[in-house]
Amino acid sequence: MNKTVRIILTAILGLVFLAASTMLVYEMMQRRISAGYVGGLQLEYEPEIPLDDQGRFVGHQSGNDLSNEKLQDLIDQYPDVVCWLTVNGADVSDPVVQGSSNDTYLRSDLDGNYLLAGTIFMDFRNSSDFSDPVTVIYGHNMTDGIMFGQIEKYRDFNYLMENPDVYISTPDDTVHYTAVACTVVDAYDGAVYQNIGGDECGTTVAEYLDTVSEKNPEVYYSTESSYLVLSTCSYQYDTARTVIICVKNND
């Protein structure tokens, strides 16, 4: 009897080990597929950010043409693409989509096929032209560093100050944002995630900025500015989210 039990337990443990190993190999393959997919998009469609010799954004100075023909080609193929997001300090250079819900691209590529890393996406309640006072963009916190996997670097305030530049590129223009704060919030924080699509959708911009400024009092906020929020999962607790708050520049 004892021998039979040992055989059964050994078989069960073997099956458990095999299943765990299979899942681990599968996840590693999916991560490699995701990295290759993202890299392919960058090679073909990544827009050029106009910078001077010191790496500073030059905007429309000296009549610079900030149009992005390659990005227009991408949008022609995939109408859900709304822009291209560049955050050099977090190694982010990816297209941003907007689906009919925030689940549409959570685990899918531009063609709708399963992709572990998903696609970076704008909140479905936002205006795709960035005309809202606060626009929220989401991405997975991937352990291999792709997508928003390096966003948490910005929780170091010195790193944030040294790497503040964030760019939104559309077929017609490139807009420069400055990262001014990075903090951990709750996924159900109404002040951060409900004021989307304009004041009528939740708290006012002033209330939103009051909430964020309490978390980072070193930064001055103005209700007359336009804000971009980059949001990703964090691991301090189950519903933790790391957010970078960016303010739109006029250069």
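Asks: How should the overall build of the protein chain be read in this particular structure?
Replies: What the protein chain contains, in helices and strands, is five helices and eight strands. Reading the protein chain from its N terminus to its C terminus gives the helix and strand order α-α-β-β-β-β-α-β-β-α-α-β-β. The burial tally for the protein chain puts 46% of its 251 residues in the buried class. Long-range pairs, those at least 24 residues apart, make up 60% of the contacts in the protein chain with a sequence separation of at least 6. Element-wise, carbon and sulfur atoms account for 52% of the exposed surface of the protein chain, whose accessible area totals about 13,200 Å².

Asks: Sorry, what's going on with the pairing of strand β6 (residues 174-186) here?
Replies: Each regular strand shows side chains that alternate between the opposite faces of the sheet. Sheet topology note: the strand β5 (residues 165-169)/β6 ladder contains five bridges and is antiparallel. By the bridge assignment for β6, serine 169 is matched with threonine 174. Between β5 and β6, which pair antiparallel one after the other, the connecting turn spans four residues.

Asks: Help me understand unusual backbone geometry in this model?
Replies: Note: most residues except glycine have negative phi, and most peptide bonds are trans. One non-glycine residue, phenylalanine 130, lies in positive phi territory at about 65 degrees. With respect to the helices and strands, the residue phenylalanine 130 is situated in the loop between β3 (121-122) and β4 (134-138). By relative accessible area, phenylalanine 130 is classed as buried at 12%. In this structure, methionine 147 is a non-glycine residue whose phi angle is positive, near 55 degrees. Within the secondary structure, methionine 147 sits in the loop between β4 and α3 (157-162).

Asks: Sorry if this is basic, but what is going on with the packing of aromatic side chains here?
Replies: To describe a pair of aromatic rings, you give the distance between the ring centres and the angle between the ring planes. A complete count under the given rule lists three aromatic pairs for this structure. With 5.4 Å between their ring centres and 90 degrees between their planes, tyrosine 154 and tyrosine 159 make a pair best called edge-to-face. With a relative accessible area of 1%, tyrosine 154 lands in the buried category. Owing to a relative accessible area of 22%, tyrosine 159 belongs among the partly exposed residues under this scheme.

Asks: Is there a simple way to think about the environment of isoleucine 245 in this case?
Replies: By the secondary structure assignment, isoleucine 245 is in strand β8 (residues 240-248). Separated by 16 residues in the primary sequence, isoleucine 245 and valine 229 have C-alpha atoms spaced 4.8 Å apart.

The rules behind these values
- Residues numbered from 1 in each chain as written.
- Predicted model: local features only at pLDDT ≥ 70, side-chain atom pairs only at ≥ 80, totals over all residues.
- Heavy atoms only, no water.
- Helix = DSSP H or I, 4+ residues; strand = E, 2+ residues; numbered from the N terminus.
- Buried < 20%, exposed > 50% of the residue type's maximum accessible area, 1.4 Å probe, protein only.
- Contact = heavy atoms within 4.5 Å.
- Areas by Shrake-Rupley, 256 points an atom, 1.4 Å probe, with all protein chains shown as cover.
- Pairing = 2+ DSSP bridges.
- Phe/Tyr/Trp six-rings, centres within 6.5 Å; stacked < 30°, edge-to-face > 60°.

What is shown is where atoms sit, not what they do.
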